[in-house]
Amino acid sequence: AMPKELESVGMGPGRGGLPPRTPQDADEFLENVDEVNALIEGLRSGKISAEYVDRKIKERDAESTQLEEMRKKEAEEAERRKYENLSPEEQKKIKAKVDEMIAEKERRERARKAFHEYRAKMPEDKRRATDYDAWDLWTPSDDEDDPWMQYTPENPAFKAMEADIDRRHAAQVRARQTAHRRREEGNAAFRGGQFAEALRCYELGLEADKRSLELHGNAAMAALKCEMFVQCIDHASKACELAEFLLERPDHPTAIKCLQRRAAARLKLSHYKDALSDLSLAHERDPSNGEIESQMKEANATYEEARKEKEVERGMRRAAQGIDGEVDGTDFHTLRELEKLCGEIGSDGCDYARLEALVEGSEQCRVYLRSGRGSHLLGLSRELERADGSMVPTGPLRVLRAACLSEANRETLAQNGTLELAVGFIGRARRSTEKATGEAVACALFLLHTCSATSNPRATIIEALASDVGPDGAIAGLFAILEADLANDTGAKLAAAHALSLLGNCAVDAEARIALTRFYYDAPGKILGPVLPVLRCGTPVLAERAAALLGNMCADGRMRAEFAANERGISDLCALLPENEKNERATAAPAGMGPGLPGLGPSRARAADRESDTDASIDPSPGGRDSELVLNVLAALANVSVDAAAAATIGKAGAAPRLARLLSRSSDPLVPARAATVLSRIARDPSTARSMCGAGGSNGDGVAATVAKFVVRRLASDAGDGAIEPAVRTLAVLANGGDAGARLALAEHAAGALVECVRRWDVVGDGTAGNAALAIGDLAREGDLLPRLAALEPVAPLLQVCHKRTGAAQKNAAIACARLATHSGMLETLKANNGLELIYRYVSP
């Protein structure tokens, strides 16, 4: 090996060891070789001392250092001259690039400092381990701490750095462009449902720009979709840290979303308290976000269910040890009995009646059924799979229905396929004439009816129904149940009640309405065939649920048109409204399957009975059966009255007086709101409008007078229940569509109420103020009414609406003022208040 002393002379593996590049380099190389050989020979012969060699090496090193410094100065001078020769615009661009990179460095330094302070405040157990993710996120890049970051254009060294600055700035721009391109690719994959590919693209983008808040947020969402919950938490955490420490915006919208995504991932990992902490922080930073509130509610419910499961498991262990006690009111011995019964599921000796009683009476027993990943619920579900002509699963269905009193169990049944099995059982059993099979079908309907009240299970049921629309399928079975003898067969009434409830709940969703109309593909109106007779069956609970089904089905345009053409059906629906104050409630129902089925007895709605029983007045309060009936009938009428022909039929059926009486006969604000909505639609029919504006005769006030009094009462009580707007709209429709005689009659009862609405413009909404102004303007078309209107002094409040409101309300008020201006006294009021300028905006002179 070559001596270390000689490496410095030029013969080592460094610069001197490279092949010569020019003739001059070759000559220098040969000279160095000769000199080294002479030194070696002198050392061997003793003619040259070691001190001489050391001195020569030092001289050579000094010459080399001096040469390198000269070359560096020459390069800096060349770059300086190059910078000075640039135009002021080019120099400004370079200065801007440096300023940008220096600002970025300062921001990162602040972020690092804030992050380390945050880490220092964390509990010892959470910061004990090395946080490699934080190290990767906050450690500077290779170029962040280079000396040139300290330079300014006034510094001579800066002038020699232009090329390096351009190179580094271009590299940063390319990195951002790469990250943006990867983000766009990921977004396209995500929209196409390719979540794994989207995650790959986002993470490739993060390799180019590891501090991209948007990329971390998108990666968290893609990971959540792929059920890669740990990765989701990792990306969401980094996004939140970037928002808080780098951007100094902890309430950044992307950070809020990432808190929600991290909470969702932690829920999936059963980290309930951490998930709730995330959602609480998100709600604190974005308190108006309703989605966060909903997510918090679900998370709390999930946490509570998990707590219950743990409590039940602990109770079961203690019971096995012979320890007495209870879990939230259920004693350990009951849980042990339940455990024994669950072990007998599927055997001939299983006491399903006792099992149903335990599950129905105790929430803890319902919790036990879904513990162990729902193994006991799954065991009950297998009995539905085994069902055939010789085995009728009435007992398991009853237990499953009782278990579904807990919403968490409904979700479990939606996930494990039980609801699809129940739908299939109805289709298979529809042709059976055996009583036991009929009871089992009623139990299956009760189960499905109970589960259809929750969104996810309802979606599962709808999907199963939509895939079984054949002539022997489940939908056919449901409609066949409605065609049974509902007058004398209590079992048929129970099955029909559950079938109607199931169909009504499902018809809330468009997919279910499509499936039902597809079943009668040639004429959707055939659905009315089995449903409309139920309205006349004399059993209030069946009529109520039939009305609910019709109302939800009328959200479909074709179905609404079919129902609108059926005058008999609309008349039957209107007949369910209370005719007067002495309509009585339904009689008590016979015992049904479990709670929730009152009103299955025949209705005592005969006139003689009404006259003799003065205490049986209608009570449309939220707790009464009549209230539910009235609400569902009103909902159906509101939906079908969108059709003009149906609205005319409702008017001809004499429903207006009944609807008007409902405005003031209920403690439920939905009743007057829906009644007023129907009145506003049927008032568009001319003959109905004339009858509504007339006097009430021996029955008391007419419809218009009743509506006007209702408006005045609501204004006086400052009620904000949503019923005032449709009530005022009813008066506006009557004023606009009626003839002169109708307007004269209307003004007698409603003019004061309309002016009062305008006077309360600061309390009522735009719709109410605008409709009241529109009605006043229409009444002003009748010259005979102007003195009556002038006495009410409407001009000043109308001008207030013109000044304070916008859109249709302002325009209607201006038009009303223009029509009132034909009265001399009101014209003077307009002039005194500079109202003519407002009129000219909307009314041609």
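Residues numbered from 1 in each chain as written. Predicted model: local features only at pLDDT ≥ 70, side-chain atom pairs only at ≥ 80, totals over all residues. Heavy atoms only, no water.

Participant: Would you mind going over the overall build of the chain with me for this structure?
Facilitator: When you go through the chain residue by residue, the secondary structure sums to 44 helices and two strands. Across the chain, every contact between residues at least 6 apart in sequence was considered, and the portion connecting residues at least 24 apart equals 67%. (Helix = DSSP H or I, 4+ residues; strand = E, 2+ residues; numbered from the N terminus. Contact = heavy atoms within 4.5 Å.)

Participant: Looking at this model, I keep getting lost on the layout of surface pockets. Mind explaining?
Facilitator: Rolled over the atoms, a probe with the dimensions of a water molecule shows which regions are left empty. The computed volume of the largest pocket comes to approximately 1900 Å³. Around the largest pocket sit 38 residues that line it, and Lys268, Glu298, Thr302, Glu411 and Gln415 are the ones nearest its centre. Breaking the lining of the largest pocket down by element, the ones donating at least two residues are helix 10 (213–225), helix 12 (253–268), helix 14 (290–320), helix 17 (363–386), helix 19 (407–415) and helix 22 (455–466). Sort the elements by how many residues they give to the lining of the largest pocket and helix 14 lands first, with eleven residues. Of the residues in the lining of the largest pocket, the class split is twelve nonpolar, twelve polar and 14 charged. (1 Å grid on protein atoms, 1.4 Å probe; cavity = no way out; pocket = protein on both sides within 12 Å on 5 of 7 lines; lining within 4 Å. Points joined across faces, edges and corners; volume = space filled by probe spheres on them. Nonpolar A, V, L, I, M, F, W, Y, C, P; charged D, E, K, R; others polar.)

Participant: Can you help me understand the packing of helix 37 (residues 724–737) against helix 39 (residues 766–779) in this one?
Facilitator: When two helices pack together, their arrangement is given by the angle between the helix axes and by the axis-to-axis distance. Across the interface, helix 37 lies against helix 39 with an axial gap of 8 Å and an inter-helix angle of 20°. Classified by the angle between their axes, helix 37 and helix 39 sit roughly parallel to one another. Handedness of the helix 37/helix 39 crossing: left-handed. Of the residues in helix 39, those in contact with Ile724, Glu725, Val728, Arg729, Leu731, Ala732, Ala735 and Asn736 of helix 37 are Gly767, Thr768, Asn771, Ala772, Ala775, Asp778 and Leu779. Looking at the contact of helix 37 with helix 39, its residues break down into eight nonpolar, four polar and three charged. (Axes fitted to C-alpha atoms, helices over the stretch in contact; angles between N-to-C directions. Parallel < 35°, antiparallel > 145°, perpendicular 65-115°, else oblique. Left-handed = near helix turned anticlockwise from the far one by under 90°.)

Participant: Mind showing me how you'd approach the environment of Ala243 here?
Facilitator: Looking at where Ala243 falls in the secondary structure, it is placed in helix 11 (residues 229–246). Each C-alpha atom, one on Ala243 and one on Pro253, is 9.4 Å from the other, the two residues being ten residues apart in sequence. Sequence-distant contacts of Ala243, that is, excluding residues within four places in its chain, are made with Leu213, Glu248, Arg249, Pro250, His252 and Ala255.

Participant: Can you walk me through the packing of helix 9 (residues 195–208) against helix 10 in this structure?
Facilitator: The N-to-C vectors of helix 9 and helix 10 enclose an angle of 155°; their axes lie 9 Å apart at closest approach. By the criterion of interaxial angle, the relationship of helix 9 to helix 10 is roughly antiparallel. For helix 9 against helix 10, the interelement crossing comes out left-handed. Here Phe195, Ala198, Leu199, Tyr202, Gly205 and Leu206 of helix 9 come into contact with helix 10, specifically with Leu215, His216, Asn218, Ala219, Ala222, Ala223 and Lys225. Within the contact of helix 9 with helix 10, the residues separate by chemical class into nine nonpolar, three polar and one charged.

Participant: What am I meant to see in the environment of Ala753 here?
Facilitator: One can find Ala753 in helix 38 (residues 740–759). What makes Ala753 buried here is its relative accessible area of 3%. Between the C-alpha atoms of Ala753 and Leu715, which are 38 residues apart in sequence, the distance is 9.1 Å. Excluding its chain neighbours within four sequence positions, the residues that come into contact with Ala753 are Ala708, Val711, Val712 and Leu715. (Buried < 20%, exposed > 50% of the residue type's maximum accessible area, 1.4 Å probe, protein only.)

Participant: Can you help me understand the pattern of salt bridges in this one?
Facilitator: When charged atoms on two side chains of opposite charge get close, those side chains can pair. Counting across every chain of the model gives 25 salt bridges. Here Glu725 makes a salt bridge to Arg729, at a shortest N to O gap of 2.5 Å. Taken together, the residues Glu725 and Arg729, both in helix 37 and four residues apart, mark about one turn of the helix. Looking at Glu725, the relative accessible area reads 27%, which means it is partly exposed. Its relative accessible area of 21% is what places Arg729 among the partly exposed residues. Among the salt bridges present, the one from Arg805 reaches Asp766, with a minimum N-O distance of 2.7 Å. Of the two residues, Arg805 is situated in the loop between helix 41 (795–804) and helix 42 (807–820) and Asp766 in helix 39; the sequence distance between them amounts to 39 residues. (Salt bridge = Lys/Arg side-chain N within 4 Å of Asp/Glu carboxyl O.)

Participant: Mind showing me how you'd approach the side chain of Arg370 here?
Facilitator: With respect to the helices, strands and loops of the structure, Arg370 is situated in helix 17. Its relative accessible area of 6% is what places Arg370 among the buried residues. Setting aside residues no more than four positions away along its own chain, Arg370 makes contact with Glu305, Glu309, Glu363, Leu377, Ser406, Ala408, Asn409 and Thr412.

Participant: Could you clarify how one ought to interpret unusual backbone geometry in this entry?
Facilitator: Comment: phi is negative for the bulk of residues other than glycine, and the bulk of peptide bonds are trans. Of note in this structure, Ser270 is not a glycine but carries a positive phi near 65°. For Ser270, the position within the fold is in the loop between helix 12 and helix 13 (272–285). Phi angles above zero are rare outside glycine, and Glu793 is one such case at about 55°. Inspection of the secondary structure assignment puts Glu793 in the loop between helix 40 (786–791) and helix 41. A relative accessible area of 57% means that Glu793 is categorised as exposed.

Participant: Would you explain helix 19 in this entry?
Facilitator: Every α-helix winds through 3.6 residues per turn, so residues three or four apart in the chain are directed the same way. Within helix 19, seven of the nine residues are buried, which leaves it mostly tucked inside the rest of the structure. Residues of helix 19 that are buried: Ala408, Asn409, Arg410, Glu411, Thr412, Leu413 and Ala414. Where helix 19 ends, the next residue or the one after it, Gly417, has phi of about 90°, a positive value.

Participant: Quick question: what am I supposed to make of the state of the cysteines here?
Facilitator: Structurally, a disulfide amounts to a covalent bond that connects the sulfur atoms of two cysteines. Summed over the entire model, instances satisfying the criterion amount to zero disulfides. Cysteine Cys365 is unpaired, with the sulfur of Cys342 as its nearest cysteine sulfur at 8.6 Å. For Cys365, a relative accessible area of 1% puts it in the buried group. (Disulfide = S-S within 2.5 Å.)

Participant: What's the story with the confidence of the model for the chain in this structure? I'm lost.
Facilitator: Detailed reading of the predicted coordinates is not advisable wherever pLDDT falls low. Of the residues in the chain, 78% have a pLDDT of 70 or more, and the chain-wide mean is 79. Every residue in residues 1–17 scores below 50 in pLDDT, and together they form 22 contacts with partners more than four places removed in sequence or on other chains. (pLDDT = per-residue confidence, 0-100.)

Participant: How should the packing of aromatic side chains be read in this particular structure?
Facilitator: Within a pair of aromatic rings, the relevant descriptors are the distance that separates the centres and the angle that separates the planes. In the structure shown here, the tally under the stated rule is two aromatic pairs. Between the aromatic rings of Tyr272 and Tyr303, the centroid separation amounts to 6.1 Å while the plane-to-plane angle is 50°, which identifies the pairing as tilted. Separated by 31 residues along the polypeptide, Tyr272 in helix 13 and Tyr303 in helix 14 bring together distant segments of the chain. Take Tyr272: its relative accessible area is 16%, and that puts it in the buried class. Positioned above the aromatic ring of Phe446 is the side chain of Arg401, whose terminal nitrogen or guanidinium carbon lies 4.6 Å from the ring centre. (Phe/Tyr/Trp six-rings, centres within 6.5 Å; stacked < 30°, edge-to-face > 60°. Lys NZ or Arg CZ within 6 Å of the ring centre and 35° of its normal.)

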